[in-house]
Amino acid sequence: MAIPVNSIIASVSKILNDESNVRWTKPELVDWLNHGQREIVLFKPNACVINVDVELVPGTKQSLPAGGNSLIDVPRNTGGNAVTIAVRNLLDLQVPDWHSMARKSAKVIHYFYSITDPKTFYVYPPSPGGNKVEISYNANPQEVALGGVIALDDIYAGALIDYMAYRAFSKDSEETQNEQTAGIHYQAFVLAVRGKSTAEKYRKQSISSTSNQNEV
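Structure report, in brief. Keep in mind the model is a prediction, meaning the values are calculated, not measured.

1. A short note on the side chain of D162
Logical step 1: For D162, the position within the fold is in helix α4 (residues 157-171).
Logical step 2: It turns out D162 is buried and unbridged, and the closest side chain with the opposite charge, R167, is 13 Å from it.
Logical step 3: With residues up to four places along the chain from it excluded, the contact list for D162 reads H185, A188 and F189.

2. A word on the pairing of strand β6 (residues 120-127)
Logical step 1: In terms of residue burial, β6 counts as a mostly covered element, since 8 of its 8 residues are buried.
Logical step 2: Across 4 bridges, the pairing between strand β2 (residues 59-63) and β6 is antiparallel. Residue pairing in the sheet places G59 in a bridge with S127 of β6.
Logical step 3: Pairing between strand β5 (residues 110-113) and β6: 4 bridges, direction antiparallel. Paired with Y113 across the two strands is F121, which belongs to β6.

3. Concerning unusual backbone geometry
Logical step 1: Looking along the chain, the bond that leaves Y124 and enters P125 is cis, with omega of 0°.
Logical step 2: Locating P125 in the fold gives a position in strand β6.
Logical step 3: Positive phi, normally seen in glycine, also occurs at N17, with a value near 55°.
Logical step 4: Among the secondary structure elements, N17 is positioned in the loop between α1 (5-15) and α2 (26-43).
Logical step 5: In this structure, N21 takes a positive phi of about 55° despite not being glycine.
Logical step 6: Looking at where N21 falls in the secondary structure, it is placed in the loop between α1 and α2.
Logical step 7: Looking at N21, the relative accessible area reads 13%, which means it is buried.

Conventions and cut-offs
- Here the residue numbers are simple positions, counted from 1 along each chain's written sequence.
- Per-residue local features of the predicted model are confined to residues with pLDDT of at least 70, and side-chain atom pairs are confined, for both listing and counting, to 80 or more; whole-chain, interface and lining totals are unaffected and use all residues.
- Working from all heavy atoms in the structure, the side-chain values ignore hydrogens and water.
- Note on conventions: DSSP H or I runs of at least 4 residues are helices, E runs of at least 2 residues are strands, and numbering of each starts at the N terminus.
- Burial status follows relative accessibility: with a 1.4 Å probe on protein chains alone, a residue under 20% of its type maximum counts as buried, one over 50% as exposed, and anything between as partly exposed.
- The charged-residue count follows a simple rule in which Lys and Arg add positive charge and Asp and Glu add negative charge, with His and chain termini not counted at all.
- By salt bridge we mean one thing: a side-chain nitrogen of Lys or Arg within 4 Å of a carboxyl oxygen of Asp or Glu.
- Between two residues, a contact is recorded if the distance between any of their heavy atoms is within 4.5 Å.
- When DSSP finds two or more bridges between two strands, those strands count as paired.

Now the structure itself:
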């Protein structure tokens, strides 16, 4: 269940001893919440993953939808066969004209992707245009507003509260105590986000180890 923006603001306002939102207004806090969501995605790109069917343009070169940051996977043709990732250099050597529209097909077999160009991917055979594939990609979180809900998973609520408190206390950083308090909240924010990444890493290692043991 997505957490309401108003709930996050109420928690931050309580920390700030400003529950009437006189010193730090609600619109200001919402702005910092949106900044916090983007900051989380910078630390942890898979905090905001979109899975959709996209219509391909004619040819091999394709782009992520607006707001997309980097491709994760192209698992299948929509409602059809699986698509596999392939090594582009091998196809370049074996089928030098693979970009040619003479090879076009509405069924994608392979896709190619490079982290050096994260918003672009290629498909083979070339698309005639109009056919669809399912893709998943890392995206920018949607802007939220009062009365709405946060765009990220509920588990990031605590991190968002710390980020917003950090921004609020930074506003009054001319006072030494507030500057120190801002630093404490930012450290808590970073640890919360990185801690989730570490937990996921150990979980993956545990699953891999269990699988290996089962194969023995």
